[in-house]
Amino acid sequence: MGSNASQLKTHRFHSAVEAAELFRTLGFTWEIIQLSAGPLNGVLKIRRSIDMVCLSVQCNRSMLFHGGRNSDYVPFCLEMNAVFQHRVRGEPLIPFGLYGFHLNLSDVFFQTEAGAHFSTILIPRNRIHQLGALDPNEVLMESISITNNIQLSPELFQSWTELVNGVLNDQRSGGIDPDQVNALLLESFEPIGLDDISPLPSLTYRCGIVRDLVRWGVENNRQPISLDDLGRRIFSSRSTISQSCREQVGIGPMALLKQIRLQQVQHALRHREKRQLLACDTVQEIANHFGFHSRNHFARDYRHLFGEAPRQTLARSAA
């Protein structure tokens, strides 16, 4: 297995935008939103081996992830900390769950809690089809075409976590053992009766509203924010937008849109090349660029979300 070895890479990120940029290097174009307040500290570990990728994310703040999938891979995901308050496409995680693998999904939409530690093995789609051809009962392929999560036995879940931990936490590891992955996949899906699988539900109406809200917020991060105007753009009422947002992510729509913009400000304050691109040098110029025209309100909101004053962020970048 020595020929399969690859370098283990560890990246630290301190903003949601930095996390999104790291995922973009893996072929995932995601919007990532910091939901809970406080300084953000996260770690992304990656190890490639032959044609598979194993990665894990640990983060001390609640985060919202939305965007497209890399169609070349099928993801198999685990929450390593036994924290099951996460929501995938609006649905809560199940204990000892393996999730995220539905073959026909083109997007991701999931929320993690503060303290999350989720891991993913990305397996090429053609390898999955090859493995499916070895399954005489065709349970694997049918299952991952029907549902997006299954509940494992505690013992099998432990086998998955040991595999991931061995790959990502041992510098001497030879990488991902494809035979071990294949065996675990077949064992995970073999005992499941297809009649007992819960089909993947459609994205709920309220979850879809939040997805559209996030997309609008990222694409229109300089326009004045009006809930009435927003309702006309995403074809929903003020009350429905507010109820959907609070139900799905725990904060109101105006707060969510504000946090998206504050993240853009933070990213510019942290990175000189972004300030050069915007032709903005000072805190106030950057704040104005993203629609924050009240200096006191902006500074208060920024400090509440990120745990420091915007001038502190800029000073650290300059240093």
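Scoring rules and cut-offs
Residues numbered from 1 in each chain as written. Predicted model: local features only at pLDDT ≥ 70, side-chain atom pairs only at ≥ 80, totals over all residues. Heavy atoms only, no water. Helix = DSSP H or I, 4+ residues; strand = E, 2+ residues; numbered from the N terminus. Buried < 20%, exposed > 50% of the residue type's maximum accessible area, 1.4 Å probe, protein only. Contact = heavy atoms within 4.5 Å. Areas by Shrake-Rupley, 256 points an atom, 1.4 Å probe, with all protein chains shown as cover. Lys, Arg positive; Asp, Glu negative; His and termini not counted. Charge placed at Lys NZ, Arg CZ, Asp CG, Glu CD. Axes fitted to C-alpha atoms, helices over the stretch in contact; angles between N-to-C directions. Parallel < 35°, antiparallel > 145°, perpendicular 65-115°, else oblique. Nonpolar A, V, L, I, M, F, W, Y, C, P; charged D, E, K, R; others polar.

Draft legend 1. Inspection of the overall build of the chain at higher detail. The secondary structure content of the chain amounts to 13 helices and 12 strands. Each principal axis of the C-alpha atoms in the chain carries an extent, and together these give about 65 × 45 × 30 Å. The proportion of buried residues among the 319 residues of the chain is 54%. Nonlocal contacts in the chain, meaning residues at least 24 apart in sequence, comprise 75% of its contacts between residues at least 6 apart. When the accessible surface of the chain is summed, it comes to about 14900 Å², and 48% of that surface belongs to carbon and sulfur atoms. For the chain, the distance from the average site of its 32 positive side-chain charges to the average site of its 31 negative ones is 14 Å.

Draft legend 2. Region of the structure containing the packing of helix α2 (residues 125–133) against helix α3 (residues 139–146). The contact between α2 and α3 brings their axes to 7 Å, and the two run at 135°. Classed by the angle they form, the pair α2 and α3 counts as oblique. Contacts from I128, H129, L131 and G132 in α2 reach L140, M141 and I144 in α3. For the contact of α2 with α3, the per-class residue count stands at 5 nonpolar, 2 polar and no charged.

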